[in-house]
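The residues making up each chain are set out below.
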Amino acid sequence: TSAPLNKSVSRYENKMAILLNLNAKCVTPAVIQTAREMIGSEHVFVTRTEEESHVVTRRIVELGYGLVVPTGGDGTLCSVINSVVAARDALRSRDGGDDFTVMPLPKFAFLPLGTGNGMGSLVGPQIRGRRRTQKTLTLLTQLLSQQQRTATALPTIRVPMMEISAPNPEVNRKLCFFAGAGFDSLMLNDFRALKCWSVRRNVLKGLLSGVAGYCVALLVRTLPRCLLRGHQRLTCRITVPKPTAGGDDDNDDIPETYWMDPRRGDMATPVTSSQAPPPRDRASAFPQPIQPDHNLLFEGTTGIIAAGTSPYYGGGLRLFPFARTFPAHSTSSSTKQRKKNRNTLHLRLGRIHPLTGLVHLFQIFRGTYRERNMKVLDFVGNDFHVELSDPYPFQFSGEAVERPLSSFRFKAFDEAVEFVDFMEPR
């Protein structure tokens, strides 16, 4: 058995570290004081910038905290997890190789205090009201104190992440739970421009930095651009690696990609099957041939290309209802076994008109909207390669990326993240 990387790991194994992002609207001096009083000042880390967050998370990993509690929105959560993974991998590579048993990721307990809070709908505590921070920390403290329980023994829910590959250092090799391009990224881009304008002009900057800002950006800029000029339409080509069925000694086997066929009650059908030919528009904007080890999944125009490993996008919107079709795999003790543990993600192509989306908003919100005429295409797989005919705005964890992208890749990360399960067992 491998020894711990750091001698101080055991000291903090049953402790929680809470990260408070001052950019989150709900993180107030009162919230910070409450956290310090409840779990001790030495375990409360307050950050404002991404650089500060990186320094803090590295310290948390070095100390070996068993439970990390990020607070803020989805962007903050993913930033913290990315920093923790990077710090853990750096220490593990330095002292213990790539064996997951040497230094597994800590558990996470997400306290959603941001605007959208998509992951909060899946793993956040179902606590409402002004004192939810205090109530959540009380609940976590009680869970840790039960039978002298350590953080590693807490009840958890396992959620995979996906890795983005793109010619942009802002998102390249970054982990997230949802991302994409299309109508949603266009709206987030408009919201970002509106927020910058309000700060620069000092006009309603408090109001327009939250939910109201999203609504104003949607009604004043995004919808008119889409309805009058079709700005949400983008031409794309999507390919997936050809599946291979390796033997017991083959750790590079590539799993199937499935089309969720709405005509057959959302039956998962392999895309290489004759029952589910890849839908394709005739006109090609991509002169480069498809890689010989890839299959064509889709080529044509769409209004949204979004992927997620969590069913929820934000505000309870269940945009990825098939994200958890297959269970998340646990981390394994060896690299060879880990390569066989293939997690999956849900890729959705939305080709409906924006007005159609407004008419069926309630069904889309609940994740029950289906379209039999190939206007909404849902795929579940491990690895998707996307090419665009022209650069287009991209969103990552509900945050607009500064530079448009012309190509990107969604790939399920082999290691799932374990979140504290706040729900009562059935």
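Quantities reported herein were computed from a predicted structural model and do not represent experimental measurements.

Participant: Which residues make up the side chain of D184, and what values go with them?
Facilitator: With respect to the secondary-structure elements, D184 resides in helix α7 (residues 183–201). Here D184 is buried and forms no salt bridge, its nearest opposite-charge partner R348 lying at an N-O distance of 11 Å. Polar side-chain contacts of D184 include one of 3.1 Å to the side chain of Q395. Contacts of D184, omitting those with residues within four sequence positions, involve I304, Y313 and Q395.

Participant: I'd like a description of the sheet that holds strand β19 (residues 399–400), backed by residues and values.
Facilitator: Spatially, the 8 strands line up as an open sheet ordered β12-β11-β16-β15-β14-β9-β18-β19, and their pairing is antiparallel. The open sheet has two edge strands, β12 (267–270) and β19, and neither has a second partner. Taken together, the 5 bridges between strand β9 (residues 178–182) and strand β14 (residues 304–308) define a ladder with antiparallel strand orientation. Residue pairing in the sheet places A181 in a bridge with I305 of β14. Its contacts with the sheet place α7 against β9, β14, β18 (394–396) and β19, and it is angled at close to 90° to β9.

Participant: How would you summarise the sheet that holds strand β10 (residues 234–241) if you had to cite specific residues and measurements?
Facilitator: One key point about sheets: their strands pair by backbone hydrogen bonds, in either a parallel or an antiparallel sense. One open sheet holds the 6 strands; their spatial order is β8-β7-β20-β17-β10-β13, and the pairing between them is antiparallel. Among the strands making up the open sheet, the edge pair consists of β8 (174–176) and β13 (294–302). Between one strand axis and the next, the sheet turns through 25° on average, direction left out of account. Two elements, β10 and strand β17 (residues 383–392), share 4 bridges in a ladder whose sense is antiparallel.

Participant: Tell me what's going on with the pattern of salt bridges, and back it up with residues and numbers.
Facilitator: A complete count under the given rule lists 12 salt bridges for this structure. Across the pair E163 and R173 runs a salt bridge whose closest N-O atoms are separated by 3.9 Å. Taken together, the residues E163 in strand β7 (residues 162–165) and R173 in the loop between β7 and β8 connect sequence positions 10 residues apart. Note on E163: relative accessible area 17%, which makes it buried. Residue class for R173 comes out exposed when judged on its relative accessible area of 58%. With its nearest N and O atoms 2.6 Å apart, the salt bridge here joins R225 to D190. In this pair, R225 sits in helix α8 (residues 211–229) while D190 sits in helix α7, placing the two residues 35 residues apart along the sequence. With respect to burial, R225 and D190 carry one shared label: buried. When salt bridges that share partners are traced, they join R88, D89 and E415 into one network.

Participant: Kindly report on the pairing of strand β1 (residues 16–21), identifying the contributing residues and their values.
Facilitator: Counting buried positions along β1 yields 6 of 6 residues, so the element is predominantly enclosed. Burial along β1 is two-sided: the face carrying M16, I18 and L20 and the face carrying A17, L19 and N21 are both buried. As defined by bridge partners, β1 adjoins strand β2 (residues 44–47) across 4 bridges and the pair is classed as parallel. Residue I18 lies in a different strand from β2, and its bridge partner there is V44.

Participant: Describe a nonpolar patch on the surface, listing the residues and the values that go with them.
Facilitator: A cluster of nonpolar residues, L227, L228, L355, L358 and L361, forms a patch on the protein surface that exposes about 490 Å² of accessible area. Taken together, the elements giving at least two residues each to the nonpolar patch come down to α8 and α10 (354–359). Structurally, L228 is set in helix α8.

Participant: Tell me what's going on with the nonpolar core, and back it up with residues and numbers.
Facilitator: The biggest cluster of nonpolar side chains holds 79 residues, and the ones touching the most others in it are F177, I305, F394, F410 and F419. Counting residues per element, this core draws most heavily on helix α4 (residues 74–95), at 8 residues. Once residues lying within four places of it in the same chain are set aside, the contact partners of F419 are L77, I81, F108, F110, M119, V123, P155, T156, I157, V159 and F177. Among the nonpolar cores identified, the runner-up in size contains 20 residues, and I18, L20, A109 and L113 belong to it.

Participant: Provide a residue-level description of the state of the cysteines, including the pertinent values.
Facilitator: A complete count under the given rule lists 0 disulfides for this structure. With no disulfide of its own, C176 has C78 as its nearest cysteine by sulfur position, at a separation of 5.8 Å.

About the criteria used
Numbering of residues begins from 1 in every chain and follows the order in which that chain's sequence is written. Predicted model: local features are reported for residues with pLDDT of at least 70 only, side-chain atom pairs are reported and counted for 80 or more only, and whole-chain, interface and lining totals are derived from all residues. As a rule here, side-chain values come from all non-hydrogen atoms in the structure, and water together with hydrogens is ignored. What counts as a helix is a DSSP run of H or I of at least four residues, what counts as a strand is a run of E of at least two, and both are numbered from the N terminus. Relative accessibility thresholds used throughout: buried, under 20% of the residue-type maximum; exposed, over 50%; partly exposed, between the two (1.4 Å probe, protein chains only). Residues counted as positive are Lys and Arg, residues counted as negative are Asp and Glu, and His and the chain ends are not counted. What counts as a salt bridge is simple: a side-chain nitrogen of Lys or Arg found within 4 Å of a carboxyl oxygen of Asp or Glu. Polar contact criterion, stated in full: a pair of N or O atoms within 3.5 Å, where within protein one must be able to donate a hydrogen and the other to accept it, and residues adjacent in sequence count only if both atoms are side-chain atoms. By the convention used here, residues are in contact when the closest approach between their heavy atoms is within 4.5 Å. Here, a strand pair is defined by DSSP locating no fewer than two bridges between the strands. Interaxial angle, 0 to 180 degrees, is taken between N-to-C directions of lines fitted to C-alpha atoms, where a helix line uses only the stretch in contact. Any residue with relative accessible area above 30% and no salt bridge may belong to a patch, with like charges joined within 9 Å and the nonpolar Val, Leu, Ile, Met, Phe, Trp and Tyr side chains within 5 Å. In this description, accessible areas are obtained by the Shrake-Rupley approach with a 1.4 Å probe, and a residue is regarded as covered only by the protein chains that are shown. We call a set of buried Ala, Val, Leu, Ile, Met, Phe, Trp, Tyr and Cys residues a nonpolar core when their side-chain atoms join them within 4.5 Å. The rule for a disulfide is simple: a pair of cysteine sulfur atoms within 2.5 Å.

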